[in-house]
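Here are the chains, one letter per residue:
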Amino acid sequence: MSETEAPAGEGENTLLMEIEHGTVTIKLRPDLAPLHVERIKTLARQGFYNNVPFHRVIEGFMAQGGDPTGTGTGGSDLPDLPAEFSEPSQARFLRGVCGMARTSNPDSANSQFFIMFAPIPSLDGQYTIWGEVTAGMDAVDKIKRGSGGSGMVQGPDRIRSMKLAADNA
């Protein structure tokens, strides 16, 4: 089995994200956040994430993408999602974990997401976890970093494509 193939039956919950540095395989976690996983699947199948930048990338913290405007204020045309926060005993924000970005309103997640570079316990129970990188974290580590406190990136790396392994046949 190649790195871009999911085990039989898991293709519907395996996301393949192509970035310039390689393929990132993400195991979706509908057990933790069914609404957020469904949103990621819907947007991936629509091609929403294709060519979208990683607009905010902070060394030792995370890489954030999912905003087609690249400003950090954009999202999809779909309504915002209610929070699906996990108890820290269920899941924690560790290296490779994928979470949904939001405003100060817990029920404002839409299309923006982030991938953790390192554990950040202060996020546990405060943001929705929807997946985890199972292969290709070396590619995530190469995403161009931003500058300043906000981590906004000039000339950012982009998601080339994002699709479900089930649709990769």
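Structural notes, computed from the coordinates. (Residues numbered from 1 in each chain as written. Predicted model: local features only at pLDDT ≥ 70, side-chain atom pairs only at ≥ 80, totals over all residues. Heavy atoms only, no water.)

1. Considering the packing of aromatic side chains
Considering all chains together, one arrives at six aromatic pairs under this definition. Relative to Tyr-49, the ring of Phe-48 lies with its centre 5.3 Å away and its plane at 90°, an arrangement referred to as edge-to-face. We note that Phe-48, like Tyr-49, is buried. Measuring from centroid to centroid gives 5.7 Å for Phe-113 and Trp-130, while their planes differ by 85°, and the two rings are edge-to-face. Residue Phe-113 is located in strand S6 (residues 113–116), and its partner Trp-130 is located in strand S7 (residues 129–135); the two are separated by 17 residues in the primary sequence. (Phe/Tyr/Trp six-rings, centres within 6.5 Å; stacked < 30°, edge-to-face > 60°. Buried < 20%, exposed > 50% of the residue type's maximum accessible area, 1.4 Å probe, protein only. Helix = DSSP H or I, 4+ residues; strand = E, 2+ residues; numbered from the N terminus.)

2. Side note on unusual backbone geometry
Not every positive phi belongs to a glycine, and Asn-51 is a case in point at roughly 70°. Within the element layout of this structure, Asn-51 appears in the loop between helix H1 (34–46) and strand S3 (56–58).

3. A word on the environment of Asp-141
With respect to the secondary-structure elements, Asp-141 resides in the loop between helix H2 (137–140) and strand S8 (159–164). For the pair Asp-141 and Glu-59, spaced 82 residues apart in sequence, the C-alpha separation works out to 9.2 Å. Residues contacting Asp-141, with those up to four places away along its chain left out, are Arg-95 and Phe-117. (Contact = heavy atoms within 4.5 Å.)

4. Topic: the nonpolar core
Among soluble globular proteins, nonpolar side chains are generally buried collectively. With 31 residues, the main nonpolar core has Leu-15, Met-17, Ile-26, Phe-54, Phe-113 and Trp-130 as its most contacted residues. Of all elements in the fold, only strand S1 (14–19), strand S2 (22–28), H1, strand S5 (97–100), S6, S7, H2 and S8 reach the threshold of two or more residues within this core. No other element matches H1, which puts four residues into this core. Membership of the second largest hydrophobic core comes to eleven residues, among which are Leu-32, Met-62, Ala-91 and Ala-101. (Core = buried A, V, L, I, M, F, W, Y, C linked by side-chain atoms within 4.5 Å.)

5. Brief notes about the sheet that holds S6
With antiparallel pairing, the eight strands of this open sheet are ordered in space as S3-S4-S6-S5-S7-S2-S1-S8. In the strand order of this sheet, the two ends are held by S3 and S8, each with one partner. Ignoring which end each strand starts from, the neighbouring axes of this sheet average 25° apart. The sheet contact formed by S5 and S6 spans three bridges and is antiparallel. Following the sheet pairing, Gly-99 is matched in S6 by Phe-114. Against the sheet, H1 makes contact with S1, S2, S5, S7 and S8, and its axis sits at roughly 120° relative to S8, the strand it touches most. (Pairing = 2+ DSSP bridges. Axes fitted to C-alpha atoms, helices over the stretch in contact; angles between N-to-C directions.)

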